[in-house]
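Inside the fold
So the chains spell out like this:
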Amino acid sequence: MIKDMTLGQYYPVDSQIHRLDPRTKFIVIFVYILAIFFLKEPYQYALLFVGVFGVVRLSKVPLSYILRGLKPILFILLFAFVMNLFLTPGERLWGFWKFNITKEGLRLALLMMARLFLLIMGSSLLTLTTSPIKLTYALESIFSPFAKIGFPVHEMSMMMGIALRFIPTLTAETDKIMKAQMARGADFESGNIFKRARALVPILVPLFLSSIQRAMELADAMEARCYHGGEGRTRFHELRYETRDYIALTVFVLFFGSLLCLPKII
Amino acid sequence: MSLILKDVSYIYNPNSLYETTALDRISFEINSGETVGIIGHTGSGKSTLLQLLNGLLKPDSGFIEVAGTQITKTTKNLAALRREVGLVFQYPEYQLFEETVAKDIAFGPRNQGLSQEEIENRVQEAMDLVGLDASYREKSPMELSGGEKRRAAIAGVLAMRPKILMLDEPTAGLDPQGREKLIRQLMVLKGKLTLIFISHSMEEVAKIADRILVLSQGKLVLDSPVGEVFEEEKLLTDVGLDLPVIARLFARLRERGCNYSKNYYLLEDGLRVLTEGEDD
């Protein structure tokens, strides 16, 4: 059930994209997301699609695996498409009763779909090719300047790291508790919304209890090994920029630069 | 026939990087009233097997029939089956969630839609069966000791009056006393219903089970009455298991020329044979 969610799950293979410094990937994705909203022309999107699928190929993550992960948000994509298609005023192409499809609507709907799709593809590529631990290291490193003004960067990233680390554990635990209650005849699938909400109590209570228990044990285990926060703490794996990071950044800048400049040239 | 499996396979995460075959073409039958122990190394597919028998997982191929209900890949709505087959998971105490022990035990019967009076009877009966006296009724499950929690959780399953009771490592993590007590309760249940349990303790299986299934890497490698299983020392060690201590002692004694007819495996039998000799 819950295990079928592949969206944003790390896919452990070895590829050029996996080996990139997580900070490189973070910066690239950040700029990429901003840039998506500056693109206006269909051919720009077409080129961007080519670029993204090229990165997918390089990352060695099967395309079918990524697309399967998109299933849960298919509804949102379709919803955005339909809303834009019917609710944009303009030159009428086709229609029935009060619903009209306009030329502008069709264009906007397609662009919106492409944007959302690219947005999600891009961000899931980041998480698919970067382990959660590396993601938090990157965040900590990018935000480290803020530590000077008293912002607890290390603590925040440690918290995030722990949270990410325990998602699979909690998923497995939820699955186990659900099964145990189902074996006692619990029914999570029928009834109205109130009945269904009440049916969750036998799952949530044990889940909370064991989470609190686990949190206390983890805190003890960390203190027992003299954890005292970020001050003076060193790393086993230091993040270091390599040649491939400079190459990746250069390629990225050239690609996006030309993509954004194209309309002015043509 | 109370339980039939035919060429049952189960695969976790099919068609992905994490694909693992948990069970590989397993076939066996269990008659009603039998007490069957399942042993095998960690990851041999024992827990998966129990979940299949309860319909929580469905076989990828093959065919299962439990108490007259068939389970295949496409079967839906197994609520009726779960009424017949009680499954106690490993470390079942995490499933406790109600304010009082009695309420928690009543969860299963209440889901079956029984009358208040009947629920009351079932709770009482189940608490008697696991040896929790009336003083526990109004206690919070969180106040109980590990062993008591375990028994309360088992009572929660027994209260549904299953015809087949399955337990996944019922004594794991209990102290010797809690373990001893629980084994005694299981001995009381033995014969009253079909009992299927997983255990890592050879002593325990030797004591409780009549018949043993040995799993290794998803395959059923041995299915024999309990005494015969412990004659297969080589096979058991090959799949990462061991003989009960007493059986090992007799195996060594026989290797050195002692004329015992078999590997005794129960402590009492072993002591008797060693002090008084075999009676034929």
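Residues numbered from 1 in each chain as written. Chains lettered and ligands numbered in written order. Predicted model: local features only at pLDDT ≥ 70, side-chain atom pairs only at ≥ 80, totals over all residues. Heavy atoms only, no water.

This next bit is on the overall build of chain A. When helices and strands are tallied, chain A shows 11 helices and two strands. Mapped from its N terminus to its C terminus, chain A presents α and β elements in the order α-α-α-α-α-β-β-α-α-α-α-α-α. For chain A, the C-alpha radius of gyration of 23 Å lies well beyond 18 Å, the compact-globule estimate for 266 residues. For chain A, the spread of C-alpha atoms along the principal axes amounts to about 65 × 55 × 40 Å. In chain A, which comprises 266 residues, the proportion classed as buried is 33%. Considering only contacts within chain A whose residues lie at least 6 apart along the sequence, 75% involve residues at least 24 apart. Summing over all exposed atoms, chain A offers an accessible surface of approximately 16700 Å²; the carbon and sulfur share of this is 71%. Where the 30 positive side-chain charges of chain A centre and where its 19 negative ones centre are 7 Å apart. (Helix = DSSP H or I, 4+ residues; strand = E, 2+ residues; numbered from the N terminus. Rg over C-alpha atoms; globule rule 2.2 N^0.38 Å. Buried < 20%, exposed > 50% of the residue type's maximum accessible area, 1.4 Å probe, protein only. Contact = heavy atoms within 4.5 Å. Areas by Shrake-Rupley, 256 points an atom, 1.4 Å probe, with all protein chains shown as cover. Lys, Arg positive; Asp, Glu negative; His and termini not counted. Charge placed at Lys NZ, Arg CZ, Asp CG, Glu CD.)

Locating Arg 184 of chain A in the fold gives a position in the loop between α8 (153-183) and α9 (193-199). A polar contact of 3.0 Å, which involves the side chain of Arg 184 of chain A, links it to the backbone oxygen of Asp 104 of chain B. Setting aside chain neighbours within four positions, we find Arg 184 of chain A in contact with Gln 95, Phe 97, Asp 104, Phe 107, Gly 108, Asn 111, Gly 156, Val 157 and Met 160 of chain B. (Polar contact = N/O pair within 3.5 Å; in protein donor to acceptor, adjacent residues only side chain to side chain.)

Okay, the packing of helix α6 (residues 146-158) of chain B against helix α7 (residues 176-189) of chain B next. In a packed pair of helices, the relevant descriptors are the angle between the two axes and the axis-to-axis distance. Residue and element names in this part refer to chain B. Relative orientation of the contacting elements α6 and α7 amounts to 20 degrees, with a least axis distance of 11 Å. Here α6 is positioned roughly parallel relative to α7, judged by the angle of their axes. Crossing angle aside, the handedness with which α6 passes α7 is right-handed. Two secondary-structure elements touch here, α6 through Arg 150, Arg 151, Ile 154 and Leu 158 and α7 through Lys 181, Leu 182 and Leu 189. Grouping the amino acids of the contact of α6 with α7 by side-chain chemistry returns four nonpolar, no polar and three charged. (Axes fitted to C-alpha atoms, helices over the stretch in contact; angles between N-to-C directions. Parallel < 35°, antiparallel > 145°, perpendicular 65-115°, else oblique. Left-handed = near helix turned anticlockwise from the far one by under 90°. Nonpolar A, V, L, I, M, F, W, Y, C, P; charged D, E, K, R; others polar.)

What follows covers the pattern of salt bridges. Residue and element names in this part refer to chain B. A full pass over the atoms with the stated rule returns 26 salt bridges over all chains. With a shortest N-O distance of 3.3 Å, Glu 204 and Arg 179 are connected by a salt bridge. Separated by 25 residues along the polypeptide, Glu 204 in helix α8 (residues 202-208) and Arg 179 in helix α7 bring together distant segments of the chain. For Lys 207, the salt bridge goes to Glu 180, with nearest N and O atoms at 3.5 Å. Pair noted here: Lys 207 is in helix α8 and Glu 180 is in helix α7, with a separation of 27 residues, a long-range link. Note on Lys 207: relative accessible area 35%, which makes it partly exposed. The structure contains a network of salt bridges with shared partners spanning Glu 118, Arg 122, Glu 125 and Arg 161. (Salt bridge = Lys/Arg side-chain N within 4 Å of Asp/Glu carboxyl O.)

With that settled, the discussion passes to the nonpolar core. Of all hydrophobic cores here, the largest spans 50 residues; its most connected members are Leu 165, Ile 212, Val 214 and Phe 230 of chain B. Among the elements that make up this core, the one with the highest residue count is α6 of chain B (six residues). The residues touching Val 214 of chain B, leaving out its near neighbours within four places in the chain, are Ile 39, Lys 219, Leu 220, Val 221, Leu 222, Val 229, Leu 236, Val 239 and Leu 241 of chain B. Grouped together as the second largest cluster of nonpolar side chains are 44 residues, Ile 203 of chain A together with Phe 97, Ile 196 and Leu 215 of chain B included. (Core = buried A, V, L, I, M, F, W, Y, C linked by side-chain atoms within 4.5 Å.)

What follows deals with the interface of chain A and chain B. Across the contact, 20 residues belong to chain A and 22 residues belong to chain B. Together, the buried faces of chain A and chain B total about 1900 Å²; carbon and sulfur atoms form 64% of this surface. When the area that chain A buries against chain B is broken down by residue, the three leading residues are Lys 179, Ala 183 and Arg 184 of chain A, summing to 38%. The tally of links from chain A across to chain B stands at one salt bridge. The interface formed by chain A and chain B holds five residue pairs in polar contact (both at pLDDT 80 or more) in total. Among the elements of the structure, α8 and α10 (201-224) of chain A are those that each provide at least two residues to the side of chain A that touches chain B. The greatest single-element share of the side of chain A that touches chain B, amounting to seven residues, is contributed by α8 of chain A. Of the residues in the side of chain A that touches chain B, the class split is 14 nonpolar, two polar and four charged. (Buried area = accessible area lost by both parts, 1.4 Å probe.)

What follows deals with the pairing of strand β10 (residues 219-225) of chain B. Residue and element names in this part refer to chain B. Judged from the six bridges that link them, strand β9 (residues 211-216) and β10 form a sheet pairing that is antiparallel. Within β10, the residue paired with Arg 211 across the bridge is Pro 225. From the end of β9 to the start of β10, which pair antiparallel, there are two residues, and Gln 217 there has a positive phi angle of about 45 degrees. (Pairing = 2+ DSSP bridges.)

All names here are of chain B. If you trace the six strands from one edge of the open sheet to the other, you get β6-β7-β8-β3-β9-β10, paired in mixed fashion. Of all the strands in the sheet, just β6 (85-88) and β10 have a single pairing partner and so form its edges. In this sheet, neighbouring strand axes are inclined to one another by 15 degrees on average, regardless of whether the strands run parallel or antiparallel. By the bridge criterion, four bridges tie β6 to strand β7 (residues 164-168) in an arrangement that is parallel. Considered in β7, the bridge of Val 88 is made with Leu 167.

With that settled, the discussion passes to the domain arrangement of chain A. Accessible area lost when the parts come together is the quantity often used to give the size of an interface. All names here are of chain A. Examined at the domain level, chain A breaks down into domain 1 (1-130 + 238-266) and domain 2 (132-233). The C-alpha centroid of domain 2 is placed 29 Å from the C-alpha centroid of domain 1. Tallying the contact residues gives 12 residues for domain 1 and 12 residues for domain 2. Counting the surface lost from both domain 1 and domain 2, the interface buries some 1200 Å², and carbon and sulfur atoms represent 82% of this. Remark: the boundary between domain 1 and domain 2 carries zero salt bridges. (Domains from an automatic or database assignment.)

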